[in-house]
Amino acid sequence: DFLLTNDQASQIVYFRSGPDGQLYMIDWYDLNQCHRTEKEVHDASNGRVFRVVYNDAKPVVVDLASKNDGELVSYQLDANDWYVRTARRMLQERFVAGKLTPAVRGELEKIAFDHADETRRLRGMWALHVTGGLDESSIDRFLSDQSPYVRGFAIQLSLEGASGRPEMALLAKYIERASQDDSPVVRLYLVSAAQRLIVEDRRLLLAALLAHSEDVSDHNLPQMLWYAMEPIADDDPKGALAMAMQSSHPIHAEFMARRLALSKGKEGIAEIVRQLREESSWSDVTRGLLRG
């Protein structure tokens, strides 16, 4: 800890580097915690912004708006993320205004696909995304990248702004990736993506993700899988229960039993009892169902 305060109203919540390489941070500065949603309980007059300076570093004046498109692309490789973020936003604004030169996409693709550093490939991908989106061929290439974070962001960005029903070819790629990808990072992106899909398109994807018994002890995946499978109970109680019983994690059976009993009443409880009758042995999953 390099900065301490005994002021109980101080709540430092956000850090960003500036163009001078120094640190800027927001102090919410309120006796009420910042996660309270009631506007009337907060004092909006006391917010503060601090600049934390190393030695005697001086502010710098930067005018990226005067740079051409190629120079803004080159800033995607800068060591200072302020230049990266600001240049990406300006590329996006020029694209929206129809003023972006056609050569920019090719220059960004070189970074996104060929750079040796995964963080730079991510920057190239993000810049491509905000300057025209990612087409199917680029998504395919990103899904084969050696970095799980690049593969994961390809999944996330391919659904951004979508109506909830991607092209079937893209959905098939998700399912294939869910079955074959050895990274829990990618599986977390996939189960997050599942929540953007309409319910009927989730089943095969969730089944492939539930087959990974190694994820039982993961900090996030069991809960995220539950959020994605839970709505199936409304339209298909039997199918939802069968899916929960396929899981290696007993919380899914427990939560689904509670969900069905709550939303379907006697019909849901009858389905749970039927499932218990069919169980030949008392596994952790069966015990989870009974607990629920």
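Residues numbered from 1 in each chain as written. Predicted model: local features only at pLDDT ≥ 70, side-chain atom pairs only at ≥ 80, totals over all residues. Heavy atoms only, no water.

Peer 1: Give a detailed account of the overall build of the protein chain, specifying residues and quantitative values.
Peer 2: When you go through the protein chain residue by residue, the secondary structure sums to 15 helices and three strands. Over its C-alpha atoms the protein chain spans a radius of gyration of 24 Å, topping by over 25% the 19 Å that the globule rule assigns to 292 residues. Its C-alpha atoms put the protein chain at 75 × 55 × 30 Å along the principal axes. Within the protein chain, the proportion of its 292 residues that are buried is 41%. The long-range share in the protein chain, meaning contacts at least 24 apart out of those at least 6 apart in sequence, stands at 57%. For the protein chain, the accessible area works out to roughly 16,400 Å², and carbon and sulfur atoms hold 52% of it. Where the 35 positive side-chain charges of the protein chain centre and where its 44 negative ones centre are 1 Å apart. (Helix = DSSP H or I, 4+ residues; strand = E, 2+ residues; numbered from the N terminus. Rg over C-alpha atoms; globule rule 2.2 N^0.38 Å. Buried < 20%, exposed > 50% of the residue type's maximum accessible area, 1.4 Å probe, protein only. Contact = heavy atoms within 4.5 Å. Areas by Shrake-Rupley, 256 points an atom, 1.4 Å probe, with all protein chains shown as cover. Lys, Arg positive; Asp, Glu negative; His and termini not counted. Charge placed at Lys NZ, Arg CZ, Asp CG, Glu CD.)

Peer 1: Give me the lowdown on helix H12 (residues 237–246), citing residues and values where you can.
Peer 2: All buried positions along H12 are accounted for by Pro237, Ala240, Leu241, Met243, Ala244 and Met245. Among the structural elements, helix H9 (203–210), helix H10 (221–229), helix H11 (232–235), helix H13 (250–264), helix H14 (266–278) and helix H15 (284–291) are those in contact with the buried residues of H12.

Peer 1: Hey, could you go over the packing of helix H3 (residues 103–114) against helix H5 (residues 136–143) for me, with residue numbers and the actual values?
Peer 2: In contact at an axis separation of 10 Å, H3 and H5 are set at 20 degrees when each is read in the N-to-C sense. Put simply, H3 runs roughly parallel to H5. Judged by the sense of rotation from one axis to the other, the crossing of H3 with H5 is left-handed. Of the residues in H5, those in contact with Arg105, Ala112, Phe113 and Asp114 of H3 are Ser138, Arg141 and Phe142. Looking at the contact of H3 with H5, its residues break down into three nonpolar, one polar and three charged. (Axes fitted to C-alpha atoms, helices over the stretch in contact; angles between N-to-C directions. Parallel < 35°, antiparallel > 145°, perpendicular 65-115°, else oblique. Left-handed = near helix turned anticlockwise from the far one by under 90°. Nonpolar A, V, L, I, M, F, W, Y, C, P; charged D, E, K, R; others polar.)

Peer 1: With reference to specific residues and values, describe the packing of aromatic side chains.
Peer 2: Any two aromatic rings considered together are summarised by their centre-to-centre distance and by the angle between their planes. Counted according to the given criterion, the structure contains six aromatic pairs. An angle of 70 degrees between the planes, with centres 5.2 Å apart, marks the rings of Trp126 and Phe153 as edge-to-face. Residue Trp126 is found in helix H4 (residues 118–130), and its partner Phe153 is found in helix H6 (residues 148–159); the two are separated by 27 residues along the sequence. Exposure remark for Trp126: the relative accessible area of 25% places this residue in the partly exposed category. Accessibility expressed as a relative area gives 19% for Phe153, which makes it buried. Residue placement shows Arg48 over the ring face of Tyr29; its charged tip is 3.7 Å from the ring centre. Over the ring of Phe113 we find Arg141; its NZ or CZ atom is 3.8 Å from the centre of that ring. (Phe/Tyr/Trp six-rings, centres within 6.5 Å; stacked < 30°, edge-to-face > 60°. Lys NZ or Arg CZ within 6 Å of the ring centre and 35° of its normal.)

Peer 1: Tell me what's going on with the sheet that holds strand E3 (residues 48–52), and back it up with residues and numbers.
Peer 2: The antiparallel open sheet is built from three strands, whose spatial order is E1-E2-E3. The sheet is open, and its two edges are formed by strand E1 (12–17) and E3, each paired on a single side. Between one strand axis and the next, the sheet turns through 25 degrees on average, direction left out of account. Direction of pairing for E1 relative to strand E2 (residues 23–27): antiparallel, over a ladder of five bridges. By the bridge assignment, Phe15 is partnered in E2 with Met25. (Pairing = 2+ DSSP bridges.)

Peer 1: So what's going on with helix H7 (residues 168–180)? Which residues, and what values?
Peer 2: Across its 13 residues, H7 extends 18 Å between first and last C-alpha, which sits within 8% of the 18 Å expected from 1.5 Å per residue. Looking only at H7, the buried set comprises Leu170, Leu171, Tyr174 and Ala178. Down the axis, H7 shows its buried residues gathered within 100 degrees of arc, on one side only. In this structure, H7 carries Met168 and Gln180 as exposed residues pointing more than 90 degrees from its buried face. Each element contacted by the buried residues of H7 is listed here: H5, H6, helix H8 (184–194) and H9. (Expected span 1.5 Å × (residues − 1). Arc of directions from axis to C-beta.)

The quantities given are spatial measurements derived from coordinates; they are silent on function.
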